Amino acid sequence: MSALGIGLLFGLGVFCVYWSWWPRTEPTRRTRRPGLRDRLRDELVQAGFESLTPGHVLTAGLVSGTVVFLAAFATTHVLPIAACFGAMAAYAPRALVGMRARKRRSQLRDLWPDAVDNIASAVRAGLALPEALSQLAVRGPEELRPAFAAFAEDYRASGRFQDCLDRLKDRLADPVADRLIESLRIAREVGGSDLGRVLRTLSGFLRDDARTRAELETRQGWTVNAARLAAAAPWVVLAMMSLQAGSLRAYSTAVGALVLLGGALVTVVAYRLMVRIGRLPEDERVLR
């Protein structure tokens, strides 16, 4: 072997030794942010529509929007007006799901402290964590009993506590439930005698948060109601004006269509801005 080949092999060996001093690190897996479909699925569960899917909501919006569009066009014979009311009807199912989800979240916010207290009492009495969760199907708040009854059935059928917790999180789809379940998961895996203290602290925090949020929602509720009234008033007037032939001729032109489009954009932007200012921020599911 020539001297050049020996030199190349020696250099390659030195480089390999040097390269071995720098171990490769696995790239960190980026957490996927929940999309619109995930948030809509959570809202369906929170609203109590567990049997529905985001596709059902989309289908209901398309059907309602098409029916209202055809009915409005058959009545007014003005395409821009029919399109406006059809778009409102298409968004109505999505708005109904969001409104019901917010209402049930507000109701459950007052019930979670009692549920946490029940779990803490069961743990203090010596029950295991699966039994402490299962007894909420009988002793827990009425709204939460079906989810914990399903958890009890899953655990009796499979005996896999971690998998049953994951399915319980999917059934509840609630940020408070996520924090509670992850606390119980850690206590199950690593043990410890501080679980009762953690649960009591969580219960006190939830009560204080619910009390403060209720006071703020009472004071700021007029802002949201004013936004809804201001957004609905022009379209109620438009619906009343659509009964007059002169108004219909005005909106059947290109200028009338531009006026309706501009009014719709201003209404959406103003409504979303007022609601964002007046409504309190909602907890996000960071532990989904």
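Check the entry above for the structure.
It should be emphasised that the depicted structure is a prediction, and the values quoted were computed from it without experimental measurement.

What counts and what doesn't
- Residues numbered from 1 in each chain as written.
- Predicted model: local features only at pLDDT ≥ 70, side-chain atom pairs only at ≥ 80, totals over all residues.
- Heavy atoms only, no water.
- Helix = DSSP H or I, 4+ residues; strand = E, 2+ residues; numbered from the N terminus.
- Buried < 20%, exposed > 50% of the residue type's maximum accessible area, 1.4 Å probe, protein only.
- Contact = heavy atoms within 4.5 Å.
- Areas by Shrake-Rupley, 256 points an atom, 1.4 Å probe, with all protein chains shown as cover.
- Salt bridge = Lys/Arg side-chain N within 4 Å of Asp/Glu carboxyl O.
- Axes fitted to C-alpha atoms, helices over the stretch in contact; angles between N-to-C directions.
- Parallel < 35°, antiparallel > 145°, perpendicular 65-115°, else oblique.
- Nonpolar A, V, L, I, M, F, W, Y, C, P; charged D, E, K, R; others polar.
- Expected span 1.5 Å × (residues − 1).
- Phe/Tyr/Trp six-rings, centres within 6.5 Å; stacked < 30°, edge-to-face > 60°.

(A) View of the overall build of the chain. Along the backbone of the chain there are 12 helices and 0 strands. Counting all 288 residues of the chain, 34% fall into the buried class. Across the chain, contacts joining residues at least 24 apart in sequence account for 66% of those joining residues at least 6 apart. Here the chain displays about 18500 Å² of accessible surface, and carbon together with sulfur accounts for 64% of that area.

(B) Seen up close, unusual backbone geometry. Positive phi outside glycine occurs at H77, with the angle close to 60°. Note on placement: H77 falls in the loop between α3 (54–76) and α4 (79–124). Residues other than glycine seldom take positive phi values, yet A173 does so here, at roughly 50°. As for its position among the elements, A173 is in the loop between α8 (161–172) and α9 (175–190). Its relative accessible area of 0% is what places A173 among the buried residues.

(C) Geometry of the pattern of salt bridges. Following the criterion strictly, the structure yields 13 salt bridges and no others. Across the salt bridge formed by D38 and R41, the nearest N and O atoms sit 3.1 Å from each other. Of the two residues, D38 and R41 both sit in helix α2 (residues 36–46), 3 residues apart, roughly one turn of that helix. Taking relative accessible area as the criterion, D38 reaches 14% and is therefore assigned buried. E142 is the partner of R145 in a salt bridge, and the nearest nitrogen-oxygen pair spans 3.3 Å. The exposure class assigned to R145 is partly exposed, which follows from its relative accessible area of 26%. A relative accessible area of 59% places E142 in the exposed class. When salt bridges with common partners are traced through the structure, they connect D166, K169, E182 and R185 into a single cluster.

(D) The arrangement of the packing of α2 against α3 in detail. At their nearest, the axes of α2 and α3 sit 9 Å apart, and the two run at 90° to each other. With respect to each other, α2 and α3 are oriented roughly perpendicular. Counting all contacts with α2, which are made through R37, L40, R41 and L44, the residues of α3 involved are P54, G55 and V57. Here the residues of the contact of α2 with α3 sort into 4 nonpolar, 1 polar and 2 charged.

(E) Geometry of the environment of G256. Assignment of secondary structure puts G256 in helix α12 (residues 254–278). The class for G256 is buried, based on a relative accessible area of 5%. Beyond its immediate stretch of four places on either side in the chain, G256 contacts A250 and Y251.

(F) Structural detail: the packing of α8 against α9. Where α8 meets α9, the closest approach of the two axes is 10 Å, and the angle between their N-to-C directions is 175°. Taken as axis vectors, α8 and α9 run roughly antiparallel relative to one another. Residues F161, Q162, L165, D166, L168, K169 and L172 of α8 pack against A177, D178, I181, E182, R185, R188 and E189 of α9. Tallied by class, residues from the contact of α8 with α9 come to 6 nonpolar, 1 polar and 7 charged.

(G) Structural context of α12. Its 25 residues give α12 an end-to-end C-alpha distance of 36 Å, which sits within 8% of 36 Å, the value for a rise of 1.5 Å per residue. Within the sequence span of α12, burial applies to G256, L260, T267, V275 and G278. Close packing links the buried residues of α12 with α4, α10 (195–241) and α11 (245–251).

(H) The environment of Y91, seen in detail. Looking at where Y91 falls in the secondary structure, it is placed in helix α4. As a C-alpha pair, Y91 and G61 span 30 residues in sequence and 6.0 Å in three-dimensional space.

(I) Representation of the packing of aromatic side chains in the model. Under the defined criterion, the tally for this structure stands at 4 aromatic pairs. For the ring pair F69 and F73, a centre distance of 6.3 Å and an interplane angle of 15° mean the geometry is stacked. Linking F69 with F73, this pair stays in helix α3, spanning 4 residues, or about one helical turn. A residue is classified by how much of its surface remains accessible, and F73, at 36% relative accessible area, is partly exposed. Relative to F161, the ring of F151 has its centre 6.1 Å away and its plane inclined at 80°; by these criteria the two rings are edge-to-face. Remark: F161 occurs in helix α8 and F151 occurs in helix α7 (residues 145–158); sequence separation between them is 10 residues. Take F161: its relative accessible area is 4%, and that puts it in the buried class. An aromatic cluster is present here, built from F151, Y155 and F161 joined pairwise through their rings.

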